[in-house]
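One-letter residues, chain by chain:
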Amino acid sequence: MVTGAQNHQGEILIKDVTKIYDPEGVHVVAMKDCSFDIAAGEFAVIVGPSGCGKTTLLNAIAGFDTITSGEIYLDGELISSRDRQIKPDVERMVVFQNGALFPWKTVMENVIYGPVVQKRMKKREAVDAAREMLHQVGLNGIEDKYPEELSSGVQRRVEILRALINKPKVVMLDEPFRGLDAVAKTVMHEFLMDIFCESPRTMFFITHDLDEAIFLGSKVIIMTTRPAQVKKIVHVDLPWPREHHVLGSKIYLDLKREVLEAVHEEAKKAFEAGEREMA
Amino acid sequence: MEMIQELRLKREFKKVFNIRVIRGFLSIVMFVVLWQLVVFIKVPYLENLPYPKDVAAGAADAAGSRTYWFGWGISLVRIFVGFIMAQLIGIPLGLAMGISRTFKDFTFPVFEMLRPIPPIAWIPLAILFWPTRELSIYFLVFIGAFFIIVINVIQGVSNISVSLKWAASSLGARPKHIFWRILVPGSLPSIITGMTVGMGVTWNVLIAAEMIAGQGGLGRMTWEAYTNNNIPFIVVGMVSIGVAGYLCSTLVRWLGEKAMPWKKRF
Amino acid sequence: MSRNDGNGVLSKGDFGEVRLEDVTKVYEKADQSQRVLDECTFSVERGKLTVLMGPSGCGKTVLINLVAGYEKPTSGRIFIDGSPVDGPGSDRLVVFQETALFPWMTVYSNVTFGCQVQGVGRGETKERAEHILKKVGLYEFRDKYPSQLSGGMQRRAELARAMINDPKIMILDEPFRGLDAMTRQLMQEFYVGLFEEIGRTNLFVTHEIDEAIFLADRVVILTFQPGKVKAEIEIDLPRPREFHMLASPRFMEIREQVIDLLYEEASKAFAAGSKAAYDLMGAIVARKGACEKCE
Amino acid sequence: MISRFKARVTDPQLLRALIGILVFVSLWYLFTAVLNLPRFRLIPNPVAVLKDWFSLTPASGRSIFTKVYYLDIAYSVGRTLTAFAAATILGVSLGLLMGWSRTFYDFTFPVVETLRPMPPLSWIPLAILILPGVEIAVVYITFIAAFFATVLNTLLGVFSIDKNYFLAARCLGSKPKDVFVNVIVPGSLPFIFTGLQIGMGISWMSLVAGEIIAGKQGLGYAIYEGYFLYQFEHVISYMFTLGILGYMSSAGIRAAGRKLMAWESRRRGA
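Remember, predicted model here, so these are calculated numbers, not experimental data.

### Observations regarding the overall build of chain B
Right, so step 1: Helix and strand counts for chain B come out as twelve helices and zero strands.
Right, so step 2: Reading chain B from its N end, one meets helices and strands in the order α-α-α-α-α-α-α-α-α-α-α-α.
Right, so step 3: When the backbone C-alpha atoms are referred to their principal axes, chain B occupies close to 75 × 55 × 35 Å.
Right, so step 4: Counting over 266 residues, chain B shows a buried share of 52%.
Right, so step 5: Within chain B, residue pairs in contact and separated by at least 24 positions form 72% of the contacts whose partners lie at least 6 positions apart.

Right, here's the structure in full:
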């Protein structure tokens, strides 16, 4: 499977991060003094009402956007603060919400894009590595298809492979399985579970789906509504690799009740606030 | 397509009130300076271009002369008669073709046979057919806008999602409700696009028709400036045509925004 | 269609009941025919919320079109309160999968469209509109256009537009699709509250397992092509439904039962190579051989 | 194969199309030859047009069997293609550059935007005056028409690319050059081809005007000359020739588009 040499790397430290958006003069405090840390090789899931700054953190770590104040460290090195913002690169890979496979490239061209463009692998070498990865997850045979010829579930997996072939320290997923139907999601969870167990690396997984959060996460970080802060951190100590019948177990139910309580409260607040804003 | 361009470009301009405006202004000033230089140092072929200041002078006295504004009047009348006739006939025809499959099967092939013929190629036929020169110019302007509006309306009607029609019928709407409350408003965006693009083409057709067969009008005056070797006025004529065309397209877009309040806020 | 006066709200007894008997639908395409529904027999009880579930490609949407009257079954019959269905009628109202709010009408004219086309008087229309808009909490937004509303608000406006005509049966085809899980959960709570208050007959289609169990009195699961009733599960969770029931042991038990049934259908869908089902079972079945659940 | 052909012929749509065209032609014949209505007197009837168009010894000297017919076509097609090629190369590259670098956009866009509203045909007098020779003037006028359509649609194409593709590309370690080649160019292709379609349409129109006003040879010129020489038959046959050439050129662009954008046409189920 995808062997990741650096399973001791990818530790993220977030200290008092604040983010103030100012589109057309409307002063919006998206995030205020948010702090938490993710250990190296840990599967962290971020949950919270929409618009609670989950994506703000992702953009800062990935290097797409800056933060107003506070610091973010990756393996002890400062990557984001008021006056320093690291550029995006292969160490911190992002899988986007509604997919960002290049529609004009075939599956193979997409997966080998990273290594070839960074000149880390020669084309032949990259093609073999890609073919091997696709075979291991049972997706062989679709190398020459274009993304839009595939169902969204398969597209999502190819995008994850495109990220992993670069052996990143951190993989950040922004609601990757949103819009898939329930049974398709179960397939995706087991796919992600296999990859994570094969070679653990730090996962920064954003979602709204609580079952998904508890099933996948070793730590669930629940955010408050705007201005976002950490409301509660729930440690999920279920054994790895996790199977679907664990969903009926007692531990799981207690965890779900705990998370459900916290999230529902925030969601109600966000819902009313959202309505008022719209009026 | 034209409408999307305008909206996209408008959004570009709105958020630009900083150094980028200065850059834009700079580039236009540079363009004029370059123009002055090119003529001054007699670059081959470009040496008989008029100086910017001659053109400005030409524009100044044109603004004073009655015939100049009279020319605007004639051209605008021609544009609006031909353009509005094209919409009055084109929109219902487009709606009919978009709605009834059988009607389209009969009429669309003939329509498609005539559409690729460039409007200006109709000039001889137009002169033969219509009794007066003025009517044949109205006809040419009509041809310029007619094919475009019909194509856009057909596309507009067929793009209305079927679930909107089902929703309406499940709420008890009868065919006449569906036509007036669903199909017409639903294809309005495409009608506006068709009108905006059509306006651009009609100005082109008008200029050519005036140069070839018209008396009076901005196109004719520009052509006569060429024949009487009043070179600065050629540029003045060109710029006036550009401004007139721009004003008409803006008018159509303004009409579009007024007719579709729901669209403005996306 | 009897309608007591007041603000046109039907009492419990007036709501409709749907009965399907051996409903089959076959589509003739050029030379080969495709059987989409095969002798479906089930009923949507009066005043109950029945959920229809099944893998994509099991003919859920076709079945809705038959009940709504947009299409005719090839064989078998559908009864509404005992009389066979012949074409759409305002006693059965469908809320579609894609947003079907008219983008060029304000919320108010969208909601009152039904009344206007059926020639309901201005006074009564205004009264009914205010009543329903307040109920869905969109009264202050009545002059806004759909493009100015959030996803959740658009869905509530659609529901209001359907309910204002006081249909005997509400047919909803994944009304909360596209919403993020948080808003979706709140919409489910909102809708189940609305349902429990009036008790209107509902046929509700979804592929979200939690949503089905949380809302339904009974879940009907269809098989993959051709669609046939595979199982009917009575949901004995107490009413009124609360969100913390989602974490109750009974809920999880039913959920497991539904997943098993769906998994079976999904694997058949995968075997049939339908693109939508490809990713359902693709990686798992290929790598782990026949999964133990499917035996 | 035969069943497909049989289906094609008896398919009602084709039948209705033929009936539609037949009705149009017979009406045309009725008004011109039979009823001889006032307005239609000078307009030749379809039979005369066809006879002239396909006759071995046409009165006007212009039918599909005469050399001059193909000479006219060659001139017109030659001018349009050269102008169109120039407009494509210049327009697409300028559009891509403007879409890609913000500073280049700030300098060039205002100038393009001020020149754009001027109808291409208003350039005719200036073009004839400045450019040496009629041939270049006509080609220039045709070029201007297609150029603005291409520049703007290419620019729109770059704006239309979903931001995530840029972010994904940079995440995967691409340098600006890679982003240009792997995201900007392919991403804006659909819009570029729309621009080319529109450009081709306007080019043919401008060509005809340019030929009539300034030209010496070509289909447009021949139409106008035909008018003066009272040879109205070939005026109409040339109008249809122009129509066919216009149709073929946009069909050509569509075909090129399908080939270059393989992923568009193989979209799921397409």
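Read on for the rest.
### Considerations on the interface of chain C and chain A
Interface extent is often summarised as the accessible area lost during association of the parts.
Right, so step 1: Contacts between the two partners involve 43 residues from chain C and, on the opposite side, 43 residues from chain A.
Right, so step 2: Our enumeration of links across chain C and chain A arrives at one salt bridge.
Right, so step 3: Remark: the boundary between chain C and chain A carries two residue pairs in polar contact (both at pLDDT 80 or more).
Right, so step 4: Counting only elements with at least two residues in the side of chain C that touches chain A, the list comes to α5 (151–163), α6 (181–198), α7 (209–215), α8 (249–271) and α9 (275–288) of chain C.
Right, so step 5: Considering every element that reaches the side of chain C that touches chain A, the biggest residue donor is α9 of chain C, with nine residues.

### Here we look at the nonpolar core
In summary, soluble globular proteins display a tendency toward joint burial of nonpolar side chains.
Right, so step 1: Leu57, Ile72 and Phe204 of chain A together with Ile120 and Trp203 of chain B are the most contacted members of the largest nonpolar core, which totals 347 residues.
Right, so step 2: The residues touching Trp203 of chain B, leaving out its near neighbours within four places in the chain, are Ser75, Leu76, Ile79, Leu218, Ile241, Ala244, Gly245 and Cys248 of chain B together with Pro119 of chain D.

### Concerning the interface of chain D and chain B
Right, so step 1: Between chain D and chain B, the residue contacts involve 60 residues of the former and 60 residues of the latter.
Right, so step 2: Carbon and sulfur atoms supply 79% of the area that chain D and chain B bury against each other, a total of about 5900 Å² over both sides.
Right, so step 3: Looking only at chain D, the three residues that lose the most surface to chain B are Arg16, Met205 and Met239 of chain D, adding up to 11% of its buried area.
Right, so step 4: Connecting chain D to chain B are two salt bridges.
Right, so step 5: Arg23 of chain B is the partner of Asp106 of chain D in a salt bridge, and the nearest nitrogen-oxygen pair spans 2.3 Å.
Right, so step 6: For the interface between chain D and chain B, the tally reads six residue pairs in polar contact (both at pLDDT 80 or more).
Right, so step 7: Breaking the side of chain D that touches chain B down by element, the ones donating at least two residues are α2 (12–34), α5 (102–115), α6 (124–130), α7 (134–160), α9 (176–213), α10 (219–228) and α11 (232–260) of chain D.
Right, so step 8: For the side of chain D that touches chain B, the class distribution of residues is 46 nonpolar, eight polar and six charged.

### Section: the arrangement of the chains
Right, so step 1: Where the five pairs of chains in contact are concerned, the greatest contact count is recorded for chains B and D.
Right, so step 2: Here chain A and chain B are not in contact; the least distance found between their C-alpha atoms is 9 Å.

### A short note on the packing of helix α4 (residues 66–99) of chain B against helix α11 (residues 231–259) of chain B
Residues and elements named next belong to chain B.
Right, so step 1: Look at α4 against α11: their axes get within 12 Å of each other, and the N-to-C directions meet at 40 degrees. Here α4 lies oblique to α11, going by the angle between them. Remark: the crossing between α4 and α11 carries right-handed chirality. Contacts from Tyr68, Trp72, Leu76, Phe80 and Phe83 in α4 reach Phe233, Val236, Ser240, Val243, Ala244, Leu247, Cys248, Leu251 and Val252 in α11.
Right, so step 2: In terms of residue class, the contact of α4 with α11 is made up of 13 nonpolar, one polar and no charged.

### Notes on the packing of helix α4 (residues 67–100) of chain D against α10 of chain D
Residue and element names in this part refer to chain D.
Right, so step 1: Contact pair α4 / α10: the axes reach a minimum separation of 8 Å and the direction vectors enclose 130 degrees. Taken together, the axis directions place α4 and α10 in an arrangement best described as oblique. Of α10, the residues touching α4 (which contributes Asp72, Ile73 and Ser76) are Leu219, Gly220 and Ala222.
Right, so step 2: Looking at the contact of α4 with α10 residue by residue, the class counts come to three nonpolar, two polar and one charged.

### Side note on the side chain of Lys25 of chain C
Right, so step 1: Residue placement: Lys25 of chain C occurs in strand β1 (residues 18–29).
Right, so step 2: The residues contacting Lys25 of chain C, other than those within four sequence positions of it, are Gln34, Arg35, Val36, Leu37, Val62, Leu66, Glu71, Lys72, Pro73 and Thr74 of chain C.

### Some points on the sheet that holds strand β7 (residues 92–95) of chain A
Residues and elements named next belong to chain A.
Right, so step 1: Strand order across the open sheet formed by six strands is β7-β8-β9-β3-β10-β11, with mixed pairing between neighbours. Every other strand in the sheet has two partners, leaving β7 and β11 (230–235) as the edge strands with one partner each. Neighbour-to-neighbour, the strand axes of the sheet open up by a mean angle of 20 degrees, direction not taken into account.
Right, so step 2: The pairing of strand β10 (residues 219–223) with β11 spans five bridges and is antiparallel.

### Focus on unusual backbone geometry
Right, so step 1: Omega for the bond connecting Arg239 of chain C with Pro240 of chain C falls within 30 degrees of zero, at -10 degrees, which places this linkage in the cis form.
Right, so step 2: Tracing the backbone shows Pro240 of chain C in the loop between β10 (229–234) and α8.
Right, so step 3: At Lys119 of chain A, a position not held by glycine, the phi torsion is positive, near 60 degrees.
Right, so step 4: By secondary structure assignment, the location of Lys119 of chain A is in the loop between α2 (107–117) and α3 (123–136).
Right, so step 5: The exposed category is assigned to Lys119 of chain A, whose relative accessible area is 66%.
Right, so step 6: In this model, Asp166 of chain C sits at a positive phi of 55 degrees, which is unusual for a non-glycine residue.
Right, so step 7: Inspection of the secondary structure assignment puts Asp166 of chain C in the loop between α5 and β7 (169–173).

### Looking at helix α3 (residues 52–64) of chain B
Residues and elements named next belong to chain B.
Right, so step 1: In a regular helix each residue adds 1.5 Å, so 13 residues correspond to 18 Å; α3 covers 19 Å between its end C-alpha atoms and thus fits that length.
Right, so step 2: Buried residues of α3: Pro52, Val55, Gly58 and Ala62, and no others. Buried residues in α3, looked at end-on, bunch into an arc of 120 degrees, giving them a common side. Of the exposed residues in α3, the ones pointing more than 90 degrees away from its buried face are Lys53, Ala60, Asp61 and Gly64.
Right, so step 3: Looking at the buried residues of α3, the elements they touch are α2 (19–40), α4 and α11.

### Some details on the environment of Ser199 of chain A
All names here are of chain A.
Right, so step 1: Along the chain, Ser199 turns up in the loop between α5 (182–198) and β9 (202–207).
Right, so step 2: For the pair Ser199 and Gly114, spaced 85 residues apart in the sequence, the C-alpha separation amounts to 19 Å.
Right, so step 3: At 3.0 Å, the side chain of Ser199 forms a polar contact with the side chain of Arg201.

### Examining the pairing of β9 of chain A
All names here are of chain A.
Right, so step 1: Among the six residues of β9, six are classified as buried, and the element is accordingly described as predominantly covered.
Right, so step 2: Of the two faces of β9, the one carrying Thr202, Phe204 and Ile206 and the one carrying Met203, Phe205 and Thr207 are both buried.
Right, so step 3: The pairing of strand β3 (residues 43–47) with β9 spans five bridges and is parallel. Each residue of the ladder has a partner; that of Val47, found in β9, is Thr207.
Right, so step 4: The pairing of strand β8 (residues 170–174) with β9 spans five bridges and is parallel. Along β9, the bridge assignment pairs Asp174 with Ile206.

### So, α2 of chain D
Think of an α-helix as 3.6 residues a turn; residues three or four steps apart then line up on the same face.
Right, so step 1: Spanning 23 residues, α2 of chain D covers 31 Å between terminal C-alpha atoms, matching the ideal 33 Å at 1.5 Å per step.
Right, so step 2: Where α2 of chain D is concerned, the buried positions are Ala17, Gly20, Trp28 and Thr32 of chain D.
Right, so step 3: Buried residues belonging to α2 of chain D abut α5 (101–114) of chain B together with α3 (46–54) and α11 of chain D.
Right, so step 4: Among the residues trailing α2 of chain D, Asn36 of chain D stands out with phi positive, at a value near 50 degrees.

### So, the pattern of salt bridges
Right, so step 1: In total, this model carries 54 salt bridges over all chains according to the counting rule given.
Right, so step 2: Close ionic contact of Lys219 of chain A with Glu42 of chain A constitutes a salt bridge, the shortest N to O distance being 3.4 Å. In this pair, Lys219 of chain A is assigned in strand β10 and Glu42 of chain A in the loop between β2 (28–38) and β3, connecting sequence segments 177 residues apart. You'll find Lys219 of chain A and Glu42 of chain A in the same group, each marked buried.
Right, so step 3: In this structure, Asp166 of chain C engages Arg200 of chain C in a salt bridge whose closest nitrogen and oxygen atoms are separated by 3.2 Å.

### A few points about the confidence of the model for chain D
Residues and elements named next belong to chain D.
Right, so step 1: Averaged over all residues, the pLDDT of chain D equals 86, while 94% of them reach at least 70.
Right, so step 2: Mean pLDDT across the elements of chain D ranges from a minimum in helix α1 (residues 2–10), with 60, to a maximum in α4, with 92.
Right, so step 3: For this predicted complex, the interface score ipTM comes out at 0.77, alongside a pTM of 0.80.

Rules of the game
Residues numbered from 1 in each chain as written. Chains lettered and ligands numbered in written order. Predicted model: local features only at pLDDT ≥ 70, side-chain atom pairs only at ≥ 80, totals over all residues. Heavy atoms only, no water. Helix = DSSP H or I, 4+ residues; strand = E, 2+ residues; numbered from the N terminus. Buried < 20%, exposed > 50% of the residue type's maximum accessible area, 1.4 Å probe, protein only. Contact = heavy atoms within 4.5 Å. Salt bridge = Lys/Arg side-chain N within 4 Å of Asp/Glu carboxyl O. Polar contact = N/O pair within 3.5 Å; in protein donor to acceptor, adjacent residues only side chain to side chain. Core = buried A, V, L, I, M, F, W, Y, C linked by side-chain atoms within 4.5 Å. Buried area = accessible area lost by both parts, 1.4 Å probe. Nonpolar A, V, L, I, M, F, W, Y, C, P; charged D, E, K, R; others polar. Axes fitted to C-alpha atoms, helices over the stretch in contact; angles between N-to-C directions. Parallel < 35°, antiparallel > 145°, perpendicular 65-115°, else oblique. Left-handed = near helix turned anticlockwise from the far one by under 90°. Pairing = 2+ DSSP bridges. Expected span 1.5 Å × (residues − 1). Arc of directions from axis to C-beta. pLDDT = per-residue confidence, 0-100.

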